[in-house]
Amino acid sequence: MQPPPWLNAPPVDPYPYEETYDLRKGPDLHPALLGLLPYVGLWRGRGRGGFPTIEDFDYAQEIRISHDGRPFLHYESRSWLLDEQSQPIRPAGREVGWWRPVLNDDGSATDELEVMLAVPTGIMELHLGKVTGTRVEIVTDAVLRTSTAKEVTAGHRLYGIVEGALLYAQDMAAVGHPLSPHLSARLIRVGG
Ligand code: HEM
C-alpha cells in the first residue's frame, strides 16, 4: 500500500487568510453582510442579568463580531461579573458561534438569519430570525444539551444598534421556567 502523500510532505505555513473585526483591514466584507455591517467590531459594555431562580447580577461583556470575506460572521462573547465598585468578581458566560444570513440564488442576502451558538456549559443553540434595518431578532429553533447541562429549552434575543451602541435583550426558558429575561446590556465600540 502507498503511504499517504502527507506523511513526508514539508511543514505547512500558518493559516494564510485574514479574519477581522476592523472593516478598514483585511478582506472586503461579503456583500451579503452589508445589512449586518454595523455589528462588525469589537464591543465592550455592561449589563444586568437575572432569572426567576437566581439573584439579579451586574456584568461586563466583550463581544467580537468578525468576518473573513465569506458570507457569515464569527461571533464571540466573554463576560464577567462585577461587584458594586465595577470590579471583576469572576468570569461568567462565554459563547461562540456564527451569524449566517440566508442567501438568495444570486448570492444576495434575504432578511432571514441563521445563528448557531455554543456555550461551555454544554448547550448549543440554533436560532432563526430576521434582520429589520439594524434590528436583529432571533428565536431558537433547536437547543442541544449534553447530559450534564442545565435544562435550557428555548431562547429569544433582540439585538439593536442605537446611537452607535450595541444593545441586546436575551430571554431563555430554563430549569422549568418559561421564556423569561436573563440578560440585557449596552456595549460600545472599542475596536473596528
Ligand atoms: C453575558 C453572558 C451571561 C452571563 C453574565 C450569565 C450569568 C449567569 C449567572 C450569574 C447565573 C447564576 C448562576 C451562576 O452564578 O453561575 C446564570 C445562570 C444561568 N445561565 Fe447565564 N449568563 C450568561 C449567558 C448565558 C447563556 C448564553 C445561557 C444559555 C445557553 C445561560 C444560561 C443560564 C442557565 C441555564 C442558568 C441557570 C439557572 C438556574 O439554574 O436557576 N446563560 N447565568
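Residues numbered from 1 in each chain as written. Predicted model: local features only at pLDDT ≥ 70, side-chain atom pairs only at ≥ 80, totals over all residues. Heavy atoms only, no water.

Peer 1: Go over the coordination of the iron atom of the ligand with me, naming the residues and quoting the values.
Peer 2: The protein supplies the iron atom of the ligand with one donor atom, H182 (NE2), which lies at 2.2 Å. Inspection of the secondary structure puts H182 in strand β10 (residues 177–191). (Donors = N, O, S within 2.8 Å, 3.2 Å for Na, K, Ca; no water. Helix = DSSP H or I, 4+ residues; strand = E, 2+ residues; numbered from the N terminus.)

Peer 1: A description of the UniProt feature "binding site: heme b" (unreviewed entry) in the protein should follow, citing residues and the corresponding values.
Peer 2: Feature annotation in UniProt assigns "binding site: heme b" (unreviewed entry) to the following positions: T53, K150 and H182. Annotated residues spanning 130 residues; largest pairwise C-alpha distance 14.2 Å, indicating a single compact cluster. Within the element layout of this structure, T53 appears in the loop between β1 (41–51) and β2 (54–66). Overall, T53 belongs to the partly exposed group, its relative accessible area being 45%. Ignoring any residue separated from it by four or fewer positions in sequence, one finds T53 in contact with V175 and H177. Apart from residues no more than four positions distant in its own chain, H182 is found in contact with R48, G49, G50, F51, I54, F57, Q170, D171 and M172. (UniProt positions renumbered as here; feature names shortened; annotations may be inferred. Buried < 20%, exposed > 50% of the residue type's maximum accessible area, 1.4 Å probe, protein only. Contact = heavy atoms within 4.5 Å.)

Peer 1: Describe the site of the ligand, and please don't skip the residues or the numbers.
Peer 2: Near the ligand lie 22 residues; those nearest to it are T53, F57, R90, K150 and H182. Take K150: an N or O atom from its side chain is 2.6 Å from an oxygen atom of the ligand. H182 has a polar side-chain atom sitting 3.0 Å from a nitrogen atom of the ligand. In terms of residue class, the shell around the ligand is built from 11 nonpolar, six polar and five charged. (Near = heavy atom within 4 Å. Polar contact = N/O pair within 3.5 Å; in protein donor to acceptor, adjacent residues only side chain to side chain. Nonpolar A, V, L, I, M, F, W, Y, C, P; charged D, E, K, R; others polar.)

Peer 1: Summarise the UniProt feature "short sequence motif: GXWXGXG" (unreviewed entry) in the protein; cite the residues concerned and give the values.
Peer 2: Within this numbering scheme, the UniProt entry marks residues 41–47 as carrying the feature "short sequence motif: GXWXGXG" (unreviewed entry). Structurally, residues 41–47 comprises 0% helix and 100% strand, and the distance from its first C-alpha atom to its last is 18 Å.

Peer 1: Summarise the pairing of strand β5 (residues 109–119); cite the residues concerned and give the values.
Peer 2: The side chains of a regular strand alternate between both faces of the sheet. As defined by bridge partners, strand β4 (residues 88–103) adjoins β5 across seven bridges and the pair is classed as antiparallel. Residue R100 lies in a different strand from β5, and its bridge partner there is E114. Counting the residues in the hairpin turn of β4 and β5 gives five residues, including G107, whose phi is positive at 90°. Looking at chain direction, β5 and strand β6 (residues 123–132) are connected through eight bridges and run antiparallel. (Pairing = 2+ DSSP bridges.)

Peer 1: Any details on the sheet that holds strand β9 (residues 165–174)? Residues and values, ideally.
Peer 2: Strands sit in the order β1-β2-β3-β4-β5-β6-β7-β8-β9-β10 around a closed barrel of 10 strands; the barrel is antiparallel. The sheet shows a mean angle of 25° between the axes of neighbouring strands, direction not considered. (Axes fitted to C-alpha atoms, helices over the stretch in contact; angles between N-to-C directions.)

Peer 1: Break down the packing of aromatic side chains for me, with residues and values.
Peer 2: Scanning the entire structure with this criterion turns up seven aromatic pairs. Look at Y15 and Y17: their rings are 5.7 Å apart centre to centre, the planes differ by 75°, and that puts the pair in the edge-to-face class. There is no split in this pair, since Y15 and Y17 are both exposed. (Phe/Tyr/Trp six-rings, centres within 6.5 Å; stacked < 30°, edge-to-face > 60°.)

Peer 1: If you had to explain the pairing of strand β7 (residues 135–145) to someone new, which residues and values would you point to?
Peer 2: Direction of pairing for β6 relative to β7: antiparallel, over a ladder of 10 bridges. Pairing of M124 across the sheet is with L144, part of β7. Linking β6 back to β7 in an antiparallel pair, the connection comprises two residues, with G133 at a positive phi of about 65°. Relative to strand β8 (residues 152–162), β7 is paired through four bridges, and the arrangement is antiparallel. For I138, the partnering residue across the bridge sits in β8 and is R157. Here β7 folds back onto β8, and the loop between the two strands holds six residues.

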